[in-house]
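Each chain, letter by letter, is given below.
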Amino acid sequence: MVIFDEITRDILGCKKCELCRSRTNAVPGEGPIDAKAMFIGEGPGREEDIQGRPFVGPAGQLLEELLYSIGLSREDVFIGNIVKCRPPNNRVPTIEEVQSCIPYLYAQIAIIQPKIVCTLGNTPLNALVLPKLTIGSVHGKLLERDGFVFFPMYHPAAALYHGELKDVLENDFLKLKEVLNSGKINK
Ligand code: URA
Ligand code: SF4
């Protein structure tokens, strides 16, 4: 689709915020244009910056395993991030960086029209749903905003550092499977 390709092209050449100066590659995100589910992380890490693709490092490997556990592969869903360029040393993106970059994600969501947007960790939860929510209190719950359905989950990287969160994440993926199969959300 032409408009979608234009968004991707704009991201690849974007200089709207400071993060353009330290990136190797911008990471627009990838997946089918009619994906039913989108998975949105915080921003590219080291491996993503090198390859220009989202979730291709250790967190990405866990994300792929979790998708597989509910019968999906990464090719079935759209995978992207709040900021498209890597924050130095993987720091949390600033509010200004998020504000500069998020119109690209809104444009991607508007075209894809997913059934559900799965936010991974606090950054996408706060940027897309509500600034004050914390992942610990709302993970695994369906939330609605502006006509879109959100499903907050812990970030897979958090589960790599805190082993006890892996069970929580696995369980939330099972809930997601139920939601996707229930017909509660339609597309
Ligand atoms: N963490 C993220 O938030 N996004 C990626 O693309 C990779 C790791
Ligand atoms: Fe542009 Fe987003 Fe990269 Fe900033 S992070 S330079 S707004 S693509």
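For the structure itself, look to the data block above.
Predicted, not measured: the structure shown is a model, and the values here were computed from it.

Rules and cut-offs
- Residues numbered from 1 in each chain as written.
- Chains lettered and ligands numbered in written order.
- Predicted model: local features only at pLDDT ≥ 70, side-chain atom pairs only at ≥ 80, totals over all residues.
- Heavy atoms only, no water.
- Helix = DSSP H or I, 4+ residues; strand = E, 2+ residues; numbered from the N terminus.
- Expected span 1.5 Å × (residues − 1).
- Buried < 20%, exposed > 50% of the residue type's maximum accessible area, 1.4 Å probe, protein only.
- Arc of directions from axis to C-beta.
- Contact = heavy atoms within 4.5 Å.
- Pairing = 2+ DSSP bridges.
- Axes fitted to C-alpha atoms, helices over the stretch in contact; angles between N-to-C directions.
- Phe/Tyr/Trp six-rings, centres within 6.5 Å; stacked < 30°, edge-to-face > 60°.
- Lys NZ or Arg CZ within 6 Å of the ring centre and 35° of its normal.
- Near = heavy atom within 4 Å.
- Polar contact = N/O pair within 3.5 Å; in protein donor to acceptor, adjacent residues only side chain to side chain.
- Areas by Shrake-Rupley, 256 points an atom, 1.4 Å probe, with all protein chains shown as cover.
- Nonpolar A, V, L, I, M, F, W, Y, C, P; charged D, E, K, R; others polar.
- Core = buried A, V, L, I, M, F, W, Y, C linked by side-chain atoms within 4.5 Å.

Participant: Got a sec to walk through helix α8 (residues 164-182)? Specific residues and values, please.
Facilitator: Taking 1.5 Å per residue as the helical rise, α8 with its 19 residues ought to reach 27 Å, and the 28 Å between its terminal C-alpha atoms agrees with that figure. Residues Leu 165, Leu 169, Asp 172, Phe 173, Leu 176, Val 179 and Leu 180 constitute the buried set of α8. End-on view of α8: buried residues confined to an arc of 115°, all on one side of the axis. Residues Glu 164, Asp 167, Glu 178 and Asn 181 are exposed on α8 and point more than 90 degrees away from its buried face. Structurally, α8 contributes buried residues whose contacts are with β1 (37-41), α3 (58-69), β3 (116-120), β5 (148-153) and α7 (156-161). Once α8 ends, the next one or two residues include Gly 183, with phi positive near 75°.

Participant: Could you give an account of the sheet that holds β5, naming the residues involved and the relevant values?
Facilitator: Read from one edge to the other, the open sheet built from 5 strands follows the order β2-β1-β3-β5-β4, with strand pairing classed as mixed. Since the sheet does not close on itself, it has two edges, and those belong to β2 (78-81) and β4 (143-145), each with one partner. Between one strand and the next, the sheet's axes are offset by a mean angle of 30°, whatever the strand orientation. Where β1 and β2 come together, 4 bridges link them in parallel fashion. Paired with Gly 41 across the strands is Asn 81, a residue of β2. Most of the contacts of α8 go to β5, to which it runs at about 160°, and overall it touches β1, β3 and β5.

Participant: Would you mind going over the packing of aromatic side chains in detail, with residue names and values included?
Facilitator: Counted according to the given criterion, the structure contains 2 aromatic pairs. Judged by centre distance (5.9 Å) and plane angle (10°), the ring pair of Phe 39 and Phe 173 falls under stacked. Residue Phe 39 is found in strand β1, and its partner Phe 173 is found in helix α8; the two are separated by 134 residues along the sequence. In this pair, the class of Phe 39 matches that of Phe 173, namely buried. Positioned over the ring face of Tyr 104 is Lys 16, at 4.6 Å from the centre of the ring.

Participant: Outline the site of ligand 1, listing residues and values.
Facilitator: Taken together, Gly 41, Glu 42, Gly 43, Glu 48, Pro 54, Phe 55, Asn 81 and His 155 make up all the residues around ligand 1. Between ligand 1 and the protein, one listed contact pairs a nitrogen atom with a backbone N or O atom of Gly 43 at 3.0 Å. Asn 81 has a polar side-chain atom sitting 2.8 Å from a nitrogen atom of ligand 1. Bound to the protein, ligand 1 loses 91% of the 240 Å² it would expose on its own. Residue classes in the shell around ligand 1 are distributed as 2 nonpolar, 4 polar and 2 charged.

Participant: Any details on the nonpolar core? Residues and values, ideally.
Facilitator: Counting 56 residues, the largest nonpolar core has Phe 39, Ile 82, Ile 116, Leu 128, Met 153, Phe 173 and Leu 176 as its most contacted members. It is helix α4 (residues 95-112) that contributes the most residues to this core, 7 residues altogether. Residues within four places of Leu 128 in sequence aside, it is in contact with Ile 40, Ile 82, Ile 102, Leu 105, Tyr 106, Ile 109, Val 117, Thr 119, Arg 145 and Phe 150.

Participant: Break down the environment of Val 2 for me, citing the residues and quoting the values.
Facilitator: In this structure, Val 2 sits in helix α1 (residues 2-12). The exposure class of Val 2 is exposed, given its relative accessible area of 59%. Along the primary structure Val 2 and Ile 33 are separated by 31 residues, whereas in three dimensions their C-alpha atoms are 11 Å apart.

Participant: Pulling in residues and values, what's your account of the site of ligand 2?
Facilitator: Surrounding ligand 2, one finds Cys 14, Lys 16, Cys 17, Leu 19, Cys 20, Arg 23, Lys 84, Cys 85, Ser 100, Cys 101 and Tyr 104. Here the residues of the shell around ligand 2 are counted per class, giving 7 nonpolar, 1 polar and 3 charged.

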